[in-house]
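Topology and contacts: notes
Listed below, chain by chain, are the residues.
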Amino acid sequence: MRKSHPLRRVVLATAATVSGIVLLLSLKPSSDPGAAQAAGAGAAAQEAAQGGSGAVVSGTMTGDAAQTQYGAVQVRITVVNNKITKAEAVQAPKGGTSDQKTALAVPKLNADVVAKQSPDIDTVSGATYTSEGYKKSLQSAIDKANASAGSGASQGSGSAQASGTFTGDAVQTQYGAVQVRITVAGGKITKAEAVQAPKGGTSDQKTELAVPKLNAAAVAAGNADIDTVSSATFTSEGYKKSLQSALDKAKAKAGSSSGSGDAGASSGAAQAKTVTGSVAQTQYGAVQVRITVAGGKITKAEAVQAPKGGTSDQKTELAVPKLNAAAVAAGNADIDTVSGATFTSEGYKKSLQSALDQAGG
């Protein structure tokens, strides 16, 4: 039998590696307005993988929460050397029959992502809505990976973090939402706080016990690998997930600004960009805000989601224009609540703050 030449085996192995990298970083971006930037970044990443700038992506990226008929779905992926090594759902529908469908679908979806290295995965029979939401959030996470590659930032250590304040995504737990905000300076977490935590009944005591310990642990560790507080397991797990989301945003901000130099930073500040905040759930429906930022200022604000149906239509029609105008005027999320639309106003401000965090404002 003829032996395969060693040089030929090396060439074939190299070709296979390059093909795998191109598959991940040339994925079709989402149709969200912010995805146009990710598309350009993906092209840059693909060029790097083929020998251009040499960009290599490693890190954890959390996709945007995708709302479905039965609840939110949010996916986090771990990428090592341009390959998805892990996929997990940090949010998924729960309660009633949703628990069974989530338990059935999510492990299959996670495995399919790692196997196919693509958002083009099969819908799980009997869990269509969860599957579709999963794929949308997965695409968002991949877009962020592409943007990270396109920025030209070094991903070697995976620990580079921009200075500023970053608010993680709200994580739903059995007893209520948990959301963490961190302050980063000099690449370290200098402050951590829970802007949302379970409350009411025994949750008040557990939150009062757990949150200070979790805040201190986050600062001490500098990452989300912190201990669960005994008797406050759900709060602790939600805290760690939201903390990881905030760290992801800090890393993404560091990557987008790294290596551009003063001239590049100046031109980037003058260039308008559109950023969509995370979805904020209210008693009457979801609120989500999109802002356009140019020259370091908010030039436009709009609600892409707001409560609707019944009296909510009138309240939304009354409140949203006022909130939009206030956001532009103030340039931050410290705006007044519109009388008669308290829940919508609070949701608006939370989503606005999330958009500002992403924009670096």
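Shown above is the structure to which this text applies.
Residues numbered from 1 in each chain as written. Predicted model: local features only at pLDDT ≥ 70, side-chain atom pairs only at ≥ 80, totals over all residues. Heavy atoms only, no water.

Turning our attention to the pairing of strand 11 (residues 285-294). Of all ten residues in strand 11, eight are buried, a share of seventy percent or more. Sheet topology places strand 10 (residues 280-282) next to strand 11; three bridges connect them, and they run antiparallel. Note that in strand 11 the partner of A280 across the bridge is V287. Here strand 10 folds back onto strand 11 in antiparallel fashion, the turn holding two residues. Relative to strand 12 (residues 297-305), strand 11 runs antiparallel, the two sharing seven bridges. Directly across from A294, in strand 12, lies its bridge partner K297. What sits between strand 11 and strand 12 in their antiparallel hairpin is a turn of two residues, with G295 showing a positive phi close to 60°. (Buried < 20%, exposed > 50% of the residue type's maximum accessible area, 1.4 Å probe, protein only. Helix = DSSP H or I, 4+ residues; strand = E, 2+ residues; numbered from the N terminus. Pairing = 2+ DSSP bridges.)

Quick look at the pattern of salt bridges now. For the coordinates displayed, the defined rule picks out seven salt bridges. A salt bridge links D112 to K116, with the shortest nitrogen-to-oxygen separation between them at 3.8 Å. Here D112 pairs with K116, and both are found in helix 3 (residues 97-116), just four residues apart, close to one helical turn. The salt bridge involving K240 is made with E237; its shortest N-O contact spans 3.2 Å. Here the residue K240 and the residue E237 both occupy positions in helix 6 (residues 233-257), the gap between them amounting to three residues, near one helical turn. (Salt bridge = Lys/Arg side-chain N within 4 Å of Asp/Glu carboxyl O.)

Here Q196 shows up in strand 8 (residues 188-196). Within the structure, Q196 has its side chain in polar contact with the side chain of Q179 (distance 2.8 Å). What Q196 contacts, discounting residues up to four positions off in sequence, is A170, A177, V178, Q179 and K350. (Polar contact = N/O pair within 3.5 Å; in protein donor to acceptor, adjacent residues only side chain to side chain. Contact = heavy atoms within 4.5 Å.)

Turning our eyes to something else, we now look at the packing of helix 8 (residues 311-330) against helix 9 (residues 342-359). Axis separation between helix 8 and helix 9 bottoms out at 11 Å; the angle between their running directions is 35°. Handedness of the helix 8/helix 9 crossing: right-handed. In contact with L323, N324 and A327 of helix 8, helix 9 contributes T344, S345, Y348 and L352. Its residues placed into classes, the contact of helix 8 with helix 9 shows four nonpolar, three polar and no charged. (Axes fitted to C-alpha atoms, helices over the stretch in contact; angles between N-to-C directions. Left-handed = near helix turned anticlockwise from the far one by under 90°. Nonpolar A, V, L, I, M, F, W, Y, C, P; charged D, E, K, R; others polar.)

What follows is about helix 9. The first and last C-alpha atoms of helix 9 sit 26 Å apart over 18 residues, in line with the 26 Å expected at 1.5 Å per residue. G360 occupies a position one or two residues after helix 9 and carries a positive phi of about 85°. (Expected span 1.5 Å × (residues − 1).)

As a further point, take the environment of I142. Its place among the elements puts I142 in helix 4 (residues 128-150). With a relative accessible area of 0%, I142 lands in the buried category. As a C-alpha pair, I142 and Q117 span 25 residues in sequence and 9.9 Å in three-dimensional space.

Turning to helix 5 (residues 202-221), a few remarks are in order. Taking 1.5 Å per residue as the helical rise, helix 5 with its 20 residues ought to reach 28 Å, and the 28 Å between its terminal C-alpha atoms agrees with that figure. Of all the bends in helix 5, the largest measures some 25° and sits at A210, one to four residues before the proline P212. Among all positions of helix 5, only S203, T207, A210, V211, L214, N215 and A218 are buried. At the exit of helix 5 stands G222, carrying a positive phi of roughly 75°. (Bend = angle between axes of the 7 residues up to and from the residue.)

Looking at where Q74 falls in the secondary structure, it is placed in strand 3 (residues 71-80). Residue Q74 is classed as buried on the basis of its relative accessible area of 2%. Within the structure, Q74 has its side chain in polar contact with the backbone oxygen of G63 (distance 2.9 Å). Those residues within four positions of Q74 in sequence are excluded, and the remaining contacts are T62, G63, D64, A65, E88, A89, V90, Q91, S137 and D169.

Okay, the packing of aromatic side chains next. Two aromatic rings, taken as a pair, are described by how far apart their centres are and by the angle between their planes. The final tally for this structure, using the stated rule, is three aromatic pairs. Plain terms: the ring middles of Y284 and F343 are 5.5 Å apart, the flat faces sit at 70° to each other, and that makes the pair edge-to-face. Of this pair, Y284 sits in the loop between strand 10 and strand 11 while F343 sits in helix 9, and the two are 59 residues apart along the sequence. Relative accessible area serves as the criterion here: at 40%, F343 is assigned to the partly exposed category. The ring of Y175 carries the charged tip of K206 above its face, separated from the ring centre by 6.0 Å. Sitting above the plane of the Y284 ring, K315 keeps its charged end 5.9 Å from the centroid. (Phe/Tyr/Trp six-rings, centres within 6.5 Å; stacked < 30°, edge-to-face > 60°. Lys NZ or Arg CZ within 6 Å of the ring centre and 35° of its normal.)

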